[in-house]
Amino acid sequence: MGNTVNPATTPAQPAVPPHGPPPVADGTGQDPTQAEILAATTTPLDRLMDEPSPLAAKDTGAALNGAVAGALANQQAGRIASSEPTPAQKAAQGFVAAQGPNPATVPVDDLVRSAADLVHRAPAAEQAHVANVVQRLGVALQEGRLVPGDPLRQVMHTAANSAPGSSAYKGALAHLTRAAEVLERTRLAPGTALAFDPAPPQTMVQEAANRHANATGAGATGAEPAAGLPKLDTTLVDADLYYRQDNRTSLRRAFDAVTPRPDPPRQPLTIESLKSTAHALSEELAAAIKGAGTGTPSQVGRQQAWQAQGNADAPRQVKSSTAAGDGFHNLMEPGALKQLRQLTPDPNARTVTVGERSYSVTELEGIRAANQPQVDAKVQQALDARAAQGKTTSADAKAGITRTNVKAVHGDTPPVALPDGTPVGRANPRLGPLPQPPELPGTRQGGAIGAAGAFVVSGAAALRDGKLTAAEARDIAANTAAGGVLGAVGAKAEQAVTPAIARALAARGASSGAGAALGTTLASRVAGSTVVGAAITAGVSMYQNRDGLAKGDSQAIGRVTADTAVGAVAVAGGAIAGAAATGALAGSVVPGVGTAVGAVVGIGVGVAVTYGAQISGATDWVAGKVADGVDGLKNAASSAWSSLKEVF
């Protein structure tokens, strides 16, 4: 890749075991203790998470030590964390797990320290961006969406220990940033992860061995199989990032989930080649043009050869990404565009990212075509001026004039629209911070929401006839107070029930991949509030119908069952609607019991369900059906008992 360590071109480094280097001998002949491992591992993590680092403004060193200790203990015992961690805590756990159980013996292998140093040594203007990138990589490691390895350690170490502004720093940070962007914005195929700069085959013999491993599955080891991907099978091909992209629609994914045959043509294997600037990318494309004419192998040529091995049933594509748009005008050269077109089977796919904008090859060609009349006019104007001065213009001179005016027209800024205003490309903005997991409501919040809901329900019931009597006002006040108490009790119960459901969902693998933590949290919160709400509703209804229940009255049993069912639906509907109104279902989360909008929508839906079930007769219908069922069981039991008595 551009300006970063490439195992294909650098001297071989000492092999490092996949789970970290061996334990350091301490003179006792024994392995380090858990406490020693924790002490060696958490020191830089404290620095990574402590304020004022933007990674986790709320985390303290003490809290992080607990999180890391829990991560190590859970890793060894195979347990799941007792509560939903923050993104910062998940990042810490991810780096700890990637580092392995043993402390590093050389700085380049200390992934945890490198991550911490990178954040704290970043220039003030870049620290928030760097922190976001590091945090996202740590979370991806924790979730299994990023495969750790020596290249990741090396690039992280290079970024952390190079002078900000240097080529090494820019190149390494561009590599890490693009990895974080892919993990955030690209859907990976099920069962796969992102491989970070996997080593390609170094010889034709190794290339043949990799192809054999891909065909048979025998001897498939390394970063690619660990990520659920085939081995790279082109000698010395550069794959700064390697993954399988899932281009299927949501409907197609749902269909594939229940059919025996998936849809591989829409899940292309993808190599990404990274450069610090568009100018650096154009130089590599120019080298490919030159190499094609002389027979000299080029990196773009190798990538084109790798891509050409794909087919309609197993497509491959090569993406090109640059951290900055400097030199964008160089990509407008016809030769550069031709080389880019040969890297993808679909010229309409956005496979070229320049700074904060992504384009398809077709869009880049359209940008050139739309601006060409302006370029031609400027070139002709320059030629006319030379002719007026009696100067002749050679072919080389004309080419130079053309390049000058291409630069003048296209510049270094990737365009967002064509000259006629037609939008072009897609935004690729800087990554923001990961959202924090929602906090469960406290007793005060739960009491306030419960009181508000009870007030609305009882007030609506009292005002059905358009009048409000003193007795009804007293009932509203009493119901509001009772709602506040029940809301506080419910909030306290949710704090115990919801984390347990979240742990159960995680243990069953209810979700995975990007946003898995948020999805599990949302599901567990809805489930937790529903369970607690149904239990409270059942308790209240049982109290109200206690006399009938004591007698085994079927009508009382039916009423309690109906009230519980309606209450569960109302709570679940309100929770989902409130979350959706505040964006939770779109990827953000609702803090506490929600924003004002979420609370209003949630209460509104809950009230609508409860009140609608009452006035529509749904509650009575359910109660009647249950009562009929209970009476039927009673009659059947009575008949059976009578028959039994006759026998004896």
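The model shown is predicted, which means the values in this text are computed figures rather than measured ones.

Enquirer: Go over the overall build of the protein with me, naming the residues and quoting the values.
Expert: When helices and strands are counted, the protein shows 22 helices and eight strands. By residue count, 44% of the 648 residues in the protein fall in the buried class. For the protein, restricting intrachain contacts to residue pairs at least 6 apart in sequence, the fraction spanning at least 24 positions comes to 74%. Counting every atom, the protein has about 30700 Å² of accessible surface; 59% of that belongs to carbon and sulfur.

Enquirer: Would you mind going over the sheet that holds strand β6 (residues 352–354) in detail, with residue names and values included?
Expert: Remark on secondary structure: sheet strands pair via backbone hydrogen bonds, oriented parallel or antiparallel. Ordered in space as β1-β2-β3-β4-β5-β6-β7-β8, the eight strands form an open sheet in which the pairing is mixed. The sheet is open, and its two borders are formed by β1 (146–147) and β8 (426–427), each paired with just one other strand. With two bridges connecting them, β1 and strand β2 (residues 194–196) associate as parallel partners. Of the residues in β2, the one forming a bridge with V147 is A195. Along the sheet face, helix α7 (residues 167–185) touches β1, β2, β3 (241–244), β4 (269–277), β5 (316–324) and β6 and points at about 175 degrees away from the line of β2. Along the sheet face, helix α11 (residues 278–294) touches β4, β5 and β6 and points at about 120 degrees away from the line of β4.

Enquirer: Outline the pairing of β5, supporting the account with residue identities and numerical values.
Expert: By the criterion of burial, β5 is predominantly enclosed, with seven of the nine residues buried. The sheet contact formed by β4 and β5 spans eight bridges and is parallel. Bridge pairing links K275 to T322 in β5. Note that the unit made of β5, helix α13 (residues 334–341) and β6 has a crossover that is right-handed.

Enquirer: An account of the pattern of salt bridges is needed here, citing residue identities and associated values.
Expert: Within this structure, the stated rule accounts for 15 salt bridges. Note that R153 and D150 form a salt bridge whose closest N and O atoms lie 3.3 Å from each other. In this pair, R153 and D150 are both assigned in helix α6 (residues 150–161), three residues apart and thus about one turn of the helix distant. The salt bridge partner of E363 is R350, with a shortest N-O separation of 2.8 Å. One end of the pair, E363, is in helix α14 (residues 361–388); the other, R350, is in the loop between α13 and β6, with 13 residues separating them in the sequence. For R350, a relative accessible area of 32% puts it in the partly exposed group. Sharing partners across several salt bridges, the network here consists of K90, E143 and R145.

Enquirer: Run through the confidence of the model for the protein, naming residues and quoting values.
Expert: Averaged over all residues, the pLDDT of the protein is 76; the fraction at 70 or higher stands at 72%. In the model of the protein, helix α2 (residues 61–77) stands out as the element of lowest mean pLDDT, 38, in contrast to β2, which has the highest, 97. Predicted confidence for residues 509–520 stays below pLDDT 50, and this span has 16 contacts to residues more than four positions away or in other chains.

Enquirer: Lay out the nonpolar core with the relevant residues and their values.
Expert: Y242, I271, W306, F328, L331 and L364 are the most contacted members of the largest nonpolar core, which totals 38 residues. At the level of elements, β4, α11, α12 (299–308), α13, β6, α14 and α15 (395–410) are the ones that each hand at least two residues to this core. It is α14 that provides the largest number of residues to this core, a total of six residues. Sequence-distant contacts of I271, defined by excluding residues within four places in its chain, comprise L232, V237, D238, A239, L241, Y242, Q303, W306, Q317, V318 and K319.

Enquirer: So what's going on with unusual backbone geometry? Residues and values would help.
Expert: The phi torsion of most residues other than glycine is negative, and most of the peptide bonds are trans. The phi dihedral of D197 is positive, around 50 degrees, even though this residue is not glycine. You can see D197 is positioned in the loop between β2 and α8 (204–216). On the basis of relative accessibility, which here comes to 1%, the residue D197 falls in the buried class. Positioned with a positive phi, L236 is a non-glycine residue whose angle comes to about 60 degrees. Here L236 is to be found in the loop between α9 (223–226) and β3.

Enquirer: Tell me what's going on with the packing of aromatic side chains, and back it up with residues and numbers.
Expert: Counted under the stated rule, the structure contains two aromatic pairs. Ring geometry for Y242 versus W306: centroids 6.3 Å apart, planes at 80 degrees, classification edge-to-face. Here W306 lies in helix α12 and Y242 lies in strand β3, a separation of 64 residues in the sequence. Note on Y242: relative accessible area 1%, which makes it buried. Judged by its relative accessible area of 0%, W306 is buried. For the pair F328 and Y359, a centre-to-centre distance of 6.2 Å together with 40 degrees between the ring planes defines the contact as tilted. Of this pair, F328 sits in the loop between β5 and α13 while Y359 sits in strand β7 (residues 357–359); the two residues are 31 residues apart in sequence, bridging distant segments of the chain. For F328, a relative accessible area of 0% translates into the label buried.

Enquirer: Which residues make up α11, and what values do they have?
Expert: Side chains of residues three or four places apart in an α-helix project in the same direction, reflecting 3.6 residues per turn. End to end, α11 covers 25 Å across 17 residues, agreeing with the expected 24 Å (1.5 Å per residue, within 8%). Looking at α11, one finds that the buried residues are A278, A280, L281, S282, E284, L285, A288 and G291. Against β4, α12, β5, α13 and β6 lie the buried residues of α11.

Enquirer: Break down the packing of helix α4 (residues 111–121) against helix α5 (residues 124–143) for me, citing the residues and quoting the values.
Expert: Viewed as axis vectors pointing N to C, α4 and α5 meet at an angle of 155 degrees, and their least axial separation amounts to 8 Å. When the interaxial angle is binned, α4 and α5 end up roughly antiparallel. On α5, the residues touching L111, A115, L118, V119 and H120 of α4 are Q127, V130, A131, V134 and L141. Residues of the contact of α4 with α5, tallied by class, amount to eight nonpolar, two polar and no charged.

Enquirer: Just give me the short version of the pairing of β4, but keep the residues and values in it.
Expert: Among the nine residues that make up β4, nine are buried, leaving the element largely enclosed by the rest of the structure. Across four bridges, β3 lies against β4 in antiparallel orientation. Residue L241 lies in a different strand from β4, and its bridge partner there is E272.

Enquirer: Pulling in residues and values, what's your account of the environment of F196?
Expert: Mapped onto the elements of the fold, F196 is located in strand β2. Overall, F196 belongs to the buried group, its relative accessible area being 4%.

Enquirer: Report on the packing of helix α3 (residues 87–99) against α4, specifying residues and quantitative values.
Expert: Two elements in contact, α3 and α4, have axes whose closest approach is 8 Å; the angle formed by their N-to-C orientations is 140 degrees. For the pair formed by α3 and α4, the contact residues are F95, V96, A98 and Q99 on the first element and L111, V112 and A115 on the second. Residues belonging to the contact of α3 with α4 are distributed by class as follows: six nonpolar, one polar and no charged.

Enquirer: So what's going on with the side chain of Q304? Residues and values would help.
Expert: Tracing the chain through its elements places Q304 in helix α12. At 3.4 Å, the side chain of Q304 and the side chain of Q342 are in polar contact. Those residues within four positions of Q304 in sequence are excluded, and the remaining contacts are Q339, Q342 and L343.

Conventions adopted
Residue positions are counted from 1 within each chain, in the order its sequence is given. Per-residue local features are limited, in this predicted model, to residues with pLDDT of at least 70; the limit for side-chain atom pairs, both in listing and counting, is 80 or more; totals at the level of whole chains, interfaces and linings are taken over all residues. The side-chain numbers reported here are obtained from all heavy atoms of the structure, hydrogens and water having been left aside. Elements are defined by DSSP. Helices are runs of H or I of four residues or more, strands are runs of E of two residues or more, and each kind is numbered from the N terminus. Only protein chains enter the accessibility calculation, which uses a 1.4 Å probe. A residue is then buried if its area is under 20% of the maximum for its type, exposed if over 50%, and partly exposed in between. For this analysis, residues touch if any pair of their heavy atoms sits within 4.5 Å. In this description, accessible areas are obtained by the Shrake-Rupley approach with a 1.4 Å probe, and a residue is regarded as covered only by the protein chains that are shown. Strand pairing is assigned whenever DSSP identifies at least 2 bridges connecting the two strands. The angle between two axes is taken between their N-to-C directions and runs from 0 to 180 degrees, where each axis is a line fitted to C-alpha atoms and a helix contributes only its stretch in contact. Here the term right-handed applies to a crossover when the path leading from its first strand over the helix to its second strand runs clockwise, the strands being oriented away from the viewer. Note on definitions: salt bridges are taken to be side-chain nitrogens of Lys or Arg within 4 Å of carboxyl oxygens of Asp or Glu. What pLDDT expresses is the predictor's confidence in each residue, scored from 0 to 100. Nonpolar cores were defined as sets of buried Ala, Val, Leu, Ile, Met, Phe, Trp, Tyr and Cys residues, with membership established by side-chain atoms within 4.5 Å. Any two of the Phe, Tyr and Trp rings considered here, Trp counted by its six-membered ring, make a pair once their centres fall within 6.5 Å; the pair's planes then place it as stacked at under 30 degrees, edge-to-face at over 60, or tilted in between. Expected helix span is taken as 1.5 Å per residue step, with the number of steps being one fewer than the number of residues. Throughout this description, any angle smaller than 35 degrees is read as roughly parallel, any larger than 145 degrees as roughly antiparallel, any in the 65 to 115 degree range as roughly perpendicular, and the remainder as oblique. The residue classification treats Ala, Val, Leu, Ile, Met, Phe, Trp, Tyr, Cys and Pro as nonpolar and Asp, Glu, Lys and Arg as charged. All others, Gly included, are polar. Two N or O atoms count as a polar contact when they lie within 3.5 Å, although within protein this holds only if one can serve as hydrogen donor and the other as acceptor, and sequence-adjacent residues are included solely when both atoms are side-chain atoms.

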